[in-house]
Amino acid sequence: MMKTTHITSGSLQQLWKISSALMVSFLSMMTMLFVDRLFVARYSIEALNAASSSGTLYWSITCMFMAVASMGEVFVAQYNGAKAYKSLGSPIWQMIWFALFSSIIFILFGVVGTQWGLRSSFINPLEGEYFRWNMYFAPLLVLLTAISSFYIGQGKTRIVQWMGLLGNSVNIILDYLFIFGWGEYIPAMGIKGAAIATGCGITIQTVIMSLLFLKKYNRINFGTHKWAFNPPLFLKCLRIGAPPGFFVLFEMLGWAAFYNMMKMIGNHHMIVASITQSILILFLFFGC
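What comes next is a walk through the structure. (Residues numbered from 1 in each chain as written. Predicted model: local features only at pLDDT ≥ 70, side-chain atom pairs only at ≥ 80, totals over all residues. Heavy atoms only, no water.)

## Notes on a nonpolar patch on the surface
Taken together, the side chains of Ile104, Ile105, Ile107, Leu108, Phe109, Val111, Val112 and Tyr136 define a hydrophobic patch exposed on the protein surface, amounting to about 660 Å² of accessible area. In this structure, Ile105 sits in helix H4 (residues 89-119). (Patch = residues over 30% accessible without salt bridge, like charges linked within 9 Å, V, L, I, M, F, W, Y side chains within 5 Å. Areas by Shrake-Rupley, 256 points an atom, 1.4 Å probe, with all protein chains shown as cover. Salt bridge = Lys/Arg side-chain N within 4 Å of Asp/Glu carboxyl O. Helix = DSSP H or I, 4+ residues; strand = E, 2+ residues; numbered from the N terminus.)

Here is the structure:
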């Protein structure tokens, strides 16, 4: 029998059943980011400042694409409610195509954008290195968001929770190894290691979620094999996702501008702002 999630009354119990797993997933992600900052700060204050300033710029761009990719869950929820189960895979594939298209933009930001920032002295070498490596892994984060929408739209949020816990745990372990190194086996990479560790955690989650999405059960019952590009459906997803995407972009660009101002005023101001932001990351869990 096909397993589906039925939301009948919208009760507090049902709301908790669906949202609690997402809460755990968000909490693990915020904890991972906080621990990442602790490791980077222990490595050097300059690395912490670089992670705060260029990291905020990176997240402003990436979160815009993630907001659009998450709109697949809107259509999954609609099809699921209409019992059109074999159509659930189509909107997710449109957002998978979106993630693939976004890789061109992210690579350009990582290569050309970083070079321009260094030449214009808008960013320093540490910021450039952190920004560039995060940009290389950003398309996978957008892809992970798209595939996660397949489960969130159905109310099957436990899988998102466990993948988040797995990926963030791997990230924390690799953070320490890549930032500080491990004897003669792994060289200390500093802030670059922090970005690569995050990318490894995202990669593991994306690979597992992709395999689950494409497993035989989902192909037969939910049409997850329907990979064809569907322009009308693709544009519908963009129309719904663009407004929240630009909202997130402009909101976080404001924070990126703020940290750039602190950097221009002086090193002490930037240190205080970096420490405060790192602590604030934990409290963002409640808003998410």
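That covers the picture; the talk isn't over yet.
## Some thoughts on the packing of aromatic side chains
The final tally for this structure, using the stated rule, is 25 aromatic pairs. Seen from their ring centres, Phe258 and Tyr259 are 5.1 Å apart, and the 70 degrees between their planes marks the pair as edge-to-face. In this structure Tyr259 comes out as buried when scored by relative accessible area, which is 2%. Three or more aromatic residues joined by ring pairs make a cluster, and in this case those are Phe65, Trp97, Phe98, Phe101, Phe106, Phe229 and Phe234. (Phe/Tyr/Trp six-rings, centres within 6.5 Å; stacked < 30°, edge-to-face > 60°. Buried < 20%, exposed > 50% of the residue type's maximum accessible area, 1.4 Å probe, protein only.)

## Brief notes about helix H2 (residues 45-69)
For H2, spanning 25 residues, the distance from its first C-alpha to its last is 35 Å, which sits close to the expected 36 Å at 1.5 Å a residue. Of all 25 residues making up H2, 21 are buried, and the element is well covered by its neighbours. (Expected span 1.5 Å × (residues − 1).)

## Considerations on the pattern of salt bridges
If you walk through the whole model with that rule in mind, you get 1 salt bridge. We note a salt bridge from Glu127 to Lys263, for which the minimum N-O separation is 3.0 Å. Residue Glu127 is found in helix H5 (residues 125-152), and its partner Lys263 is found in helix H9 (residues 231-265); the two are separated by 136 residues along the sequence. When its relative accessible area of 3% is taken as the criterion, Glu127 is described as buried.

## Section: the side chain of Ser52
With respect to the helices, strands and loops of the structure, Ser52 is situated in helix H2. In terms of polar contacts, Ser52 uses its side chain to reach the side chain of Arg37, at 3.4 Å. Discounting chain neighbours no more than four positions away, the residues touching Ser52 are Arg37, Tyr259, Met270, Ser274 and Gln277. (Polar contact = N/O pair within 3.5 Å; in protein donor to acceptor, adjacent residues only side chain to side chain. Contact = heavy atoms within 4.5 Å.)

## Looking at the nonpolar core
One finds Ile96, Phe98 and Val142 to be the most contacted residues of the largest nonpolar core, which totals 40 residues. Counting residues per element, the ones that place at least two in this core are H2, helix H3 (72-81), H4, H5, helix H6 (158-180), helix H7 (191-213) and H9. With 11 residues, H5 is the largest single contributor of residues to this core. Setting aside chain neighbours within four positions, we find Phe98 in contact with Phe65, Val68, Ala69, Val142, Phe234 and Leu238. If you look at the next biggest cluster of nonpolar residues, it comprises 12 residues, including Val35, Phe39, Leu48 and Ala195. (Core = buried A, V, L, I, M, F, W, Y, C linked by side-chain atoms within 4.5 Å.)

## With respect to unusual backbone geometry
Here the phi dihedral of Lys83 falls at roughly 65 degrees; this positive angle occurs in a residue that is not glycine. Mapped onto the secondary structure, Lys83 falls in the loop between H3 and H4. With a relative accessible area of 55%, Lys83 lands in the exposed category. Positive phi outside glycine occurs at Ser121, with the angle close to 65 degrees. Examined against the element boundaries, Ser121 turns out to sit in the loop between H4 and H5.

## Focus on the environment of Asp36
For Asp36, the position within the fold is in helix H1 (residues 12-43). Between the alpha carbons of Asp36 and Leu174 there is a distance of 10.0 Å; along the sequence they are 138 residues apart. Filtering out sequence-adjacent residues up to four positions away, Asp36 remains in contact with Tyr130, Asp175, Ala194 and Thr198.

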